[in-house]
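Report on the structure
For reference, the chains in residue letters:
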Amino acid sequence: MGARSTPERIACSDPGASYRAHRGEIDGAIARVLASGWYLLGREVAALEEEFARYCETSHAVCVGSGTDALELALRAAGITAGSRVFTVSHTAVATTTAIIRTGATPVFVDIDPATYTMDPDLLERTLVQFAACERDAVVPVHLYGQPAEMGRICALASGCGATVVEDCAQAHGARLEGRRAGSMGAAGAFSFYPTKNLGALGDGGAVVTDSGELAERLRMLAQYGWDSHRSSQVVGSNSRLDELQAAVVRVKLRHLDEANSARRRIAQTYDAALECTPAAVPTLRAGADHVFHQYVVRVPGRDALRAFLAANGTDCLVHYPLPVHLQPAFSAAPAGVGGLARSEEAARGVLSLPMFPELPIESAARVAGLVVSGTGLDAE
Ligand SMILES: *Cc1c(COP(=O)(O)O)cnc(C)c1O
């Protein structure tokens, strides 16, 4: 390997590349907000709420301070509180569980379908029966890595016992299942605008989408001190607002979201084609789903050795997630659903997220795939 041809390191994600790709529009949007003299609860947030609701094919969107807040406030607006149980998964970002616990509810972890890494509806069904779930409870499926969970069955099971469904859409902006947008299938959908997400701000942010005007109203109240229109606090709220600067940036990115998701799909196809005949299991697509590849996750024996091999060859990969939520000290008291959580633990040992961001050149993706081919080969020798 001659020094002259040493290629650049390939990062797992690169929010800076997204800024550079739309620099003119983003700089213009930021300048517009700075000059306006209006930095919170103004035209940018109102416009983003309208545009994002339209994009998600819902009646309302309410912007908040983060994806974690979006989940917590959506659950609270739906009446979830101390004494409620919230059925979710353990193979997810810890924020899903944090948000649930902050409402006062108890999370109950349901194991995943090992092929798609999303909540197993059969296990959910048996768990809802075992816990005698009712209208005080909720189900939070996570559209992990950008692929919708099996929402048809999950929503039917929840409605059978009166439980509310809040979708964790933090990784699934623009995904669809049988034509329906992520966020439009449950009572509400919670999104994050963390910089590396499919739709990312230049800082923290989030939003909740819903068809319920009542739920949207309660959410607005909870997000701002519990105020009603007379600035009298009706409930104990918090301060969770998206600022005008971030809203203006997200509006720019929203205009490019579909093309960014298409770029992610092209990279996924490059990986799929190259890894077909290797020991690395490529993502399984659910029938009727439009996966938006927040992450491209392979599953491979000897994952840590492969990750080290890739790192030694200039490619940085991450593991989403190395430790299931139920094995983390803060959450060890949360009960497991029927069947336990062996599949979540197994997934955590084998998954590896390959570099994935819209601006990743196809040649770089091909190079990464080539490294995975030789890396998995090494492991077999
Ligand atoms: C990122 C993420 C969150 C939390 O979003 P923040 O904006 O970081 O608070 C919640 N759930 C999932 C699945 C996520 O990936």
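Anyway, here's the lowdown on the structure attached to this text. (Residues numbered from 1 in each chain as written. Predicted model: local features only at pLDDT ≥ 70, side-chain atom pairs only at ≥ 80, totals over all residues. Heavy atoms only, no water.)

A closer look at the nonpolar core
Counting residues in each nonpolar core, the largest one holds 57 residues, and the members touching the most others are F87, L124, V139, Y271, Y296 and L354. Elements represented by at least two residues in this core include exactly α6 (121-130), α7 (151-161), α10 (257-275), β11 (296-299), α11 (303-312), β12 (351-354) and α13 (362-380). For this core, the element with the most residues is α7, which contributes six residues. In terms of domain composition, this core takes at least three residues from each of domain 1 (17-255) and domain 2 (257-375). Among all residues touching F87, those that are not within four sequence positions of it are V108, V110, M119, L124, T127, L128, F131, A133, D137, A138, V139 and V140. (Core = buried A, V, L, I, M, F, W, Y, C linked by side-chain atoms within 4.5 Å. Buried < 20%, exposed > 50% of the residue type's maximum accessible area, 1.4 Å probe, protein only. Helix = DSSP H or I, 4+ residues; strand = E, 2+ residues; numbered from the N terminus. Domains from an automatic or database assignment. Contact = heavy atoms within 4.5 Å.)

Remarks on the pattern of salt bridges
Counted under the stated rule, the structure contains 19 salt bridges. The closest approach of N and O atoms between R76 and E72, which form a salt bridge, is 3.6 Å. Here R76 pairs with E72, and both are found in helix α4 (residues 67-77), just four residues apart, close to one helical turn. Connected via shared salt-bridge partners are R32, E44, E51 and R251. (Salt bridge = Lys/Arg side-chain N within 4 Å of Asp/Glu carboxyl O.)

Some remarks on the packing of α4 against helix α8 (residues 213-223)
It is at 9 Å that the axes of α4 and α8 come closest, and there the two elements cross at 125 degrees. Considering their axes alone, α4 and α8 lie oblique with respect to each other. Taken as a pair, α4 and α8 cross one another with a handedness that is right-handed. Of the residues in α8, those touching α4 at L73, A74, R76 and A77 are L215, R218, L219, L222 and A223. Grouping the amino acids of the contact of α4 with α8 by side-chain chemistry returns seven nonpolar, no polar and two charged. (Axes fitted to C-alpha atoms, helices over the stretch in contact; angles between N-to-C directions. Parallel < 35°, antiparallel > 145°, perpendicular 65-115°, else oblique. Left-handed = near helix turned anticlockwise from the far one by under 90°. Nonpolar A, V, L, I, M, F, W, Y, C, P; charged D, E, K, R; others polar.)

Let's talk about the site of the ligand
Close to the ligand lie 15 residues, the nearest being G67, T68, D168, S192 and K197. Contact between the ligand and D168: a nitrogen atom at 2.8 Å from a side-chain N or O atom of the residue. Between the ligand and S192, the relevant distance is 2.6 Å, taken from an oxygen atom to a side-chain nitrogen or oxygen of the residue. Its free accessible area being 380 Å², the ligand has 89% of it covered by the protein chains. Among the secondary structure elements, those contributing two or more residues to the shell around the ligand are α4 and α5 (94-102). Its residues assigned to classes, the shell around the ligand comprises five nonpolar, eight polar and two charged. (Near = heavy atom within 4 Å. Polar contact = N/O pair within 3.5 Å; in protein donor to acceptor, adjacent residues only side chain to side chain. Areas by Shrake-Rupley, 256 points an atom, 1.4 Å probe, with all protein chains shown as cover.)

Notes on the layout of surface pockets
Within this model, the largest pocket holds a volume of roughly 770 Å³. Lining the largest pocket are 49 residues, with Y194, T196, K197, N198 and H294 sitting closest to its centre. For the lining of the largest pocket, the elements supplying multiple residues, two or more each, are α1 (15-21), α4, α5, β8 (188-192) and α10. Per element, the largest residue contribution to the lining of the largest pocket is five residues, and it comes from α10. A class-by-class count of the residues in the lining of the largest pocket yields 23 nonpolar, 18 polar and eight charged. Mapping the lining of the largest pocket onto the domain boundaries places at least three of its residues in each of domain 1 (17-255) and domain 2 (257-375). Considering only enclosed or pocket space, the second largest pocket measures out at about 460 Å³ in volume. Along the walls of the second largest pocket sit 19 residues, with L41, R220, M221, A223 and Q224 positioned nearest its centre. Those elements giving two or more residues to the lining of the second largest pocket turn out to be α3 (43-56), β1 (60-64) and α8. With four residues, the single largest contributor to the lining of the second largest pocket is α8. Of the residues belonging to the lining of the second largest pocket, the class tally is nine nonpolar, four polar and six charged. (1 Å grid on protein atoms, 1.4 Å probe; cavity = no way out; pocket = protein on both sides within 12 Å on 5 of 7 lines; lining within 4 Å. Points joined across faces, edges and corners; volume = space filled by probe spheres on them.)

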